[in-house]
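Per-entry structural report
Here's the letter readout for the chains.
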Amino acid sequence: MSILITGCAGFIGFHLAKKILESDSCVIGLDSLNDYYDIDLKKARLEILKQYPNFTFHKIDISNKEDVQALSSERFSIIINLAAQAGVQYSSVNPHAYIDSNLQGFLNILELSKACQIKHLIYASSSSVYGMNKEMPFKECHAVDHPISLYAATKRSNELMAHTYSHLFGIPTTGLRFFTVYGPWGRPDMALFKFTKSMILNEEIQINNHGDHFRDFTYIDDIVNGIVALLGAELPQVNDQHDLATDVSTAPWRILNIGRGQKVHLLDFIECIENYFSKEFKKEFRPLQPGDVPTTFSDTSALYNLTSYEPSISVAEGVRNFLDWYVSYYKIKLPL
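The paragraphs below set out a description of the structure included in this document. Note that this is a predicted model, so its numbers are computed, not measured. (Residues numbered from 1 in each chain as written. Predicted model: local features only at pLDDT ≥ 70, side-chain atom pairs only at ≥ 80, totals over all residues. Heavy atoms only, no water.)

1. Regarding the overall build of the chain
Along the backbone of the chain there are 11 helices and 13 strands. What you see for the chain is a C-alpha radius of gyration of 20 Å, in line with the 20 Å of a compact globule of 336 residues. Expressed along its principal axes, the backbone C-alpha trace of the chain runs to roughly 60 × 45 × 40 Å. The 336 residues of the chain split such that 52% are buried. Contacts spanning at least 24 positions in sequence make up 83% of the contacts within the chain whose residues lie at least 6 apart. For the chain, the computed accessible surface area is about 15200 Å², with 49% contributed by carbon and sulfur atoms. Looking at charge distribution, the chain has the averaged site of its 30 positive side-chain charges lying 4 Å from that of its 38 negative ones. (Helix = DSSP H or I, 4+ residues; strand = E, 2+ residues; numbered from the N terminus. Rg over C-alpha atoms; globule rule 2.2 N^0.38 Å. Buried < 20%, exposed > 50% of the residue type's maximum accessible area, 1.4 Å probe, protein only. Contact = heavy atoms within 4.5 Å. Areas by Shrake-Rupley, 256 points an atom, 1.4 Å probe, with all protein chains shown as cover. Lys, Arg positive; Asp, Glu negative; His and termini not counted. Charge placed at Lys NZ, Arg CZ, Asp CG, Glu CD.)

See the structure below:
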C-alpha cells in the first residue's frame, strides 16, 4: 500500500508517517517546511523519516495548484491530508495564511483525489468547529454552524467541501476532528511546549479564562493508532435511502471525533509539569481570549464502533513522555 501524507514534517504527520513506514508500507510525504514555527524542528523530524527506504519526500506547498497537480503521476491509493495552517489565535493575526493553506490547499487536494481516483481521502478537521457548544460531550451530530475563529471556519469549510466532492465524484472521505493532541515532537505554539519553555526559563505563564479551562488532551500515539486502525476499517458508503436523519449523508462521506474522551482541568495539566520539575510556575490569570473555547470533550463512540479505538495513555504519562523528550532534545540539565 502506498499512502500520500501531506504535512509529513508536522507534529501529527511525522508520527503517522513513521508508524506507517514501520509497517513497510510506502509513504510519499509532502511538506512546505514553512516558518510558522521552528524550521529546524521540522527538519529534524524529516531527517528521521528519510532514514526509511520506503519514504519519498517532496517539498511542496499544497496551495500551489501546479505542484499538487504534478503529483498525479505518482502512485498512491490513499491520501491523508494533515497540511494546514494551524492555530486559533494566529488566525486573527494572519487570516490570509488560513485561506491559502486550509481552503485553496484543500481544494487542490480534493482535485488531486478526483484525478487519481483514490480509494480514501482522510483529512484533518478540528474540535474547534464545535465553537461555543455547551452540550457535552461533543458528538458528530451536534450543530457546528457558528465557528468563533477563522481557523474553525476553515476546518468546517473543509468538511463541507469534502462532502461536495464525495457526492459529485464518489470519493470516500473521512474528516477527523482532532482534540488537543500533545506529545514528543509537538508544536512549539501549543500550551505544553510553551509552558515547559517558561518553566525552564523561570518565566511567568499566562493562563487564559482564569484557569477555568477544560481540554480533551489526547496523546499522539493514541491519535496515530486510531488513524492507522481507520486505514483497515470499512470505507464510507453511498447510502441511497431517502428518509435519512439530517446528520447522515447519502454520499460516501463521514466525520469522526478522535480524542481521549475525557475533559481535564488545565490547572491539573499544568500540575503534571510542576511535578516533573518539582517546581511551581509563576502564574498570571487572564480572561478568555477571543476565538477560544472554555471546554472541549469528545464522544468517540463512532470511531470505536468502526475500529475498536480506545486511547490508553493517561495525561500524567503523556506529559511525562513529552518532558523526557524535551529535556533530551534541548539538552536541558536537571534539576533546574
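Here the narrative resumes.
2. So, unusual backbone geometry
In this structure, P137 follows M136 across a cis peptide bond, with omega equal to -10°. Along the polypeptide, P137 turns up in the loop between strand 5 (120–126) and helix 6 (150–169). Of note, the amide linkage connecting L334 to P335 takes the cis form, showing an omega dihedral of -5°. Its place among the elements puts P335 in the segment after helix 11 (315–329). Backbone geometry places T180, a non-glycine residue, at a positive phi of 35°. With respect to the helices and strands, the residue T180 is situated in the loop between strand 6 (173–178) and strand 7 (181–182). The backbone of W185 shows a phi angle near 70°, a positive value even though the residue is not glycine. With respect to the helices and strands, W185 occurs in the loop between strand 7 and helix 7 (191–200).

3. Things to note about the side chain of D292
Among the secondary structure elements, D292 is positioned in the loop between strand 13 (283–285) and helix 10 (301–307). Not counting chain neighbours up to four residues away, the residues in contact with D292 comprise V88, Q89, M132, I148, N208, H213 and R215.

4. So, helix 6
Across its 20 residues, helix 6 extends 28 Å between first and last C-alpha, which sits within 8% of the 28 Å expected from 1.5 Å per residue. Within helix 6, burial applies to Y151, A152, T154, K155, R156, N158, E159, A162, Y165 and S166. Buried residues belonging to helix 6 abut helix 4 (90–93), helix 5 (95–116), strand 5, strand 6 and strand 11 (253–258). Looking one or two residues beyond helix 6, the residue adopting positive phi is G170, at roughly 70°. (Expected span 1.5 Å × (residues − 1).)

5. Let's talk about the packing of aromatic side chains
Counted according to the given criterion, the structure contains 29 aromatic pairs. Ring plane angle 80° and centroid distance 6.3 Å describe the contact between W325 and Y326, whose orientation is recorded as edge-to-face. Here the two residues W325 and Y326 agree in accessibility, since each one is buried. Members of the aromatic cluster, connected to one another through ring pairs, are F14, W185, F193, F322, W325, Y326, Y329 and Y330. If you follow K42 out to its NZ or CZ, it ends over the ring of Y37, 4.6 Å from the centre. (Phe/Tyr/Trp six-rings, centres within 6.5 Å; stacked < 30°, edge-to-face > 60°. Lys NZ or Arg CZ within 6 Å of the ring centre and 35° of its normal.)

6. Remarks on the pattern of salt bridges
Pairing is possible between side chains that carry opposite charge, provided their charged atoms lie close to one another. Taken as a whole, this structure holds 8 salt bridges when the rule is applied. In this structure, R177 engages E159 in a salt bridge whose closest nitrogen and oxygen atoms are separated by 2.8 Å. Of this pair, R177 sits in strand 6 while E159 sits in helix 6, and the two are 18 residues apart along the sequence. With respect to class, R177 is no different from E159; both count as buried. As a salt-bridge pair, R187 and D189 come within 2.7 Å of each other at their nearest N and O atoms. What you see here is one network of salt bridges that share partners, running through R156, E159 and R177. (Salt bridge = Lys/Arg side-chain N within 4 Å of Asp/Glu carboxyl O.)

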